[in-house]
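Reading the structure
What follows is each chain in one-letter form.
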Amino acid sequence: MGVTLDLSRGPAAPVLRNLSGMSRAELAAALVDSGVVRPDKARMRATQLWRWIHHYGVTDFALMSDVAKEMRALLAEHFTVARPEIVERQVSKDGTRKWLIRTAPGIEVECVYIPDVGRAGALCVSSQVGCTLNCTFCHTGTQALVRNLTAAEIVAQVQVARDDLGEWPSPREDRRLSNIVFMGMGEPLYNLDNVAQAIDIISDGEGIAISRRRITVSTSGVVPELEALGTRTQAMLAISLHATNDALREQLVPLNKKYPLAQLMAGIRAYPGLSNAKRVTFEYVMLKGVNDSPAEAKALVQLLKGLPAKINLIPFNPWPGSPYECSDWATIETFAAILNRGGYASPIRTPRGRDILAACGQLKSESEKVRASARRKASSIAAHDGLTDS
Ligand code: SAH
Ligand code: SF4
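Not measured: the values here are computed from a predicted model. Residues take numbers from 1 onward in each chain, read along the sequence in its written order. Working convention: letters from A go to chains and numbers from 1 go to ligands, in the order in which they are written. It should be noted that, the model being predicted, local features are given only for residues of pLDDT at least 70 and side-chain atom pairs only at 80 or more, the latter also being counted only at that level, while totals for whole chains, interfaces and linings use all residues. With hydrogens and water stripped out, all remaining heavy atoms of the structure feed into the side-chain values.

1. What to know about helix α2 (residues 42-55)
This is how it is decided: Note on conventions: DSSP H or I runs of at least 4 residues are helices, E runs of at least 2 residues are strands, and numbering of each starts at the N terminus. Multiplying 1.5 Å by the helix residue count minus one yields the expected span of that helix. When accessible area is computed with a 1.4 Å probe and restricted to protein chains, residues below 20% of their type maximum are described as buried, those above 50% as exposed, and intermediate ones as partly exposed. The contact definition used throughout considers only heavy atoms, calling two residues in contact when any of these lie within 4.5 Å.
Helix length check: α2, at 14 residues, gives a terminal C-alpha distance of 19 Å against a target of 20 Å (1.5 Å per residue), a fit within 8%. Counted residue by residue, α2 has 10 buried out of 14 residues, so it is predominantly covered. Residues of α2 that are buried make contact with α1 (24-33), α3 (69-78), α4 (151-165) and α5 (192-203). Glycine 57, located one to two residues past α2, shows a positive phi value of around 70°.

Here you go:
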């Protein structure tokens, strides 16, 4: 499939701003700017709307029963709280669910819910469509970057999952979606502003209320942004390490040429808030005959010395045309045993959702970069949910 631009839909529809990606302050300002709300009422209205959007999950102003009818109609003229279109929904035999979401013309993104991960279940969200980095074992890396997702488009992934799981209003207990991991498509630290804003929204106690301690951001090692990630989001940090020496890591994660291991490790050691209770997670993909020897396991223990860390061993998930094989199970177990003896918890991640290409590193959408002029044209004539706008 090529680019999904539908230029046949006329006539021009107004592009409505989606309120889901706005901070409380932005929400208040947008209400005033639109002329719908008087400045002295803005904070009160913003709080009211916030709860409807992020606690109750409503997608229609008409359902906001404590807002006057005329006000609801005015809001609907200027804004939207609608969801993006779900292009495809797949359920794996192991219960993993994957959604392909179209947030705007030509912008398609995947997210995955994995039950029994974290406290109850984790949602793996995307931060970009495609990726600028070309890690050689990663399917997303074969898809050129189309663009960064907006905060609204990141929050929308959580909303779609919660719609499907029946988690509105925000449950206090027995949540099925308890954790968020930024391990979907893209490099979150190349889109930190929108990722940080989305985390502010998702973690807000009067809304979706997923604690920052249950939100993990995974990076391939964009060292200069690590400190800002920690101070702005207080999220848990995960590092895609995959190799213990520069020569091999350069092959697997080409970003290592820019930020070699010594710099990366120094940046991680300085990550704000690291402690035994808030350890950094290292992800290590097990590639047969490439990075899985006992010597490399010992080197890994040396490299992490003194760091409060745990290591997730990820059996390589193949994708069409992938150039690697997954290590044998016995090799992975031997590797894990060496790490355990070295003092590091090192769970082996059972692959989830492989049958629907939903496992780590298997995500990819058909979106391709189109010339900005073509996208502008498409945006101006196709009605959409305004998720690109905030
Ligand atoms: N771009 C970020 C987050 C997305 S990738 C990052 O690289 O950290 C999420 C995790 O899946 C990363 O640890 C990545 O290295 C790993 N991964 C990528 N391709 C994989 C594959 N084919 N099999 C197993 N893990 C993979
Ligand atoms: Fe991008 Fe992460 Fe895949 Fe590397 S592993 S190509 S950084 S999504």
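2. Re the packing of aromatic side chains
Just so we agree on the cut-off: What counts as a ring pair is set by centres within 6.5 Å for rings of Phe, Tyr and Trp (its six-membered ring), and what kind of pair is set by the plane angle: stacked under 30 degrees, edge-to-face over 60, tilted for all other angles. When the NZ atom of lysine or the CZ atom of arginine is within 6 Å of a ring's centre and also within 35 degrees of its normal, the charge is said to sit over that ring.
Under the defined criterion, the tally for this structure stands at 3 aromatic pairs. Positioned over the ring face of tryptophan 50 is arginine 24, at 4.6 Å from the centre of the ring. When the ring centre of tryptophan 168 is taken as origin, the NZ or CZ atom of arginine 162, which lies over that ring, is 4.3 Å away.

3. Some details on unusual backbone geometry
Tryptophan 168 connects to proline 169 through a cis peptide bond whose omega is -15°. Residue aspartate 174 is not a glycine yet carries a positive backbone phi of 55°. Secondary-structure assignment places aspartate 174 in the loop between α4 and β9 (179-182). A relative accessible area of 74% means that aspartate 174 is categorised as exposed. Even without being a glycine, alanine 209 presents a positive backbone phi close to 55°. Take alanine 209: it is sitting in the loop between α5 and β10 (215-219).

4. Here's the deal with the confidence of the model for the chain
Let me state the cut-off plainly: The quantity known as pLDDT measures the predictor's confidence residue by residue, on a range of 0 to 100.
In the predicted model, the chain carries a mean pLDDT of 90, and the fraction of residues at 70 or more is 90%. Low pLDDT, under 50, characterises residues 1-9; the predicted model gives this stretch 20 contacts beyond four residues in sequence or across chains.

5. Brief notes about the packing of α4 against α5
Our working definition: Think of each axis as a best-fit line through the C-alpha atoms, taken over the contacting stretch in the case of a helix, with angles from 0 to 180 degrees between the N-to-C directions. Here roughly perpendicular refers to angles of 65 to 115 degrees, roughly parallel to angles under 35, roughly antiparallel to angles over 145, and oblique to all remaining angles. When the near helix sits turned anticlockwise from the far one by under a right angle, the crossing is termed left-handed; a clockwise turn instead gives a right-handed crossing.
Relative to each other, α4 and α5 sit at 45°, their axes nearing to 8 Å. Relative to α5, α4 is oriented oblique. Considering the relative orientation of α4 and α5, their crossing is right-handed. Only Asn194, Val195, Gln197, Ala198, Ile201 and Ile202 of α5 make contact with α4, whose side of the interface consists of Ala151, Ile154, Val155 and Val158.

6. Structural notes on the side chain of arginine 45
Its location among the elements puts arginine 45 in helix α2. Dropping the residues within four chain positions of it, arginine 45 is found in contact with Leu31, Val37, Asp66, Val67 and Met71.

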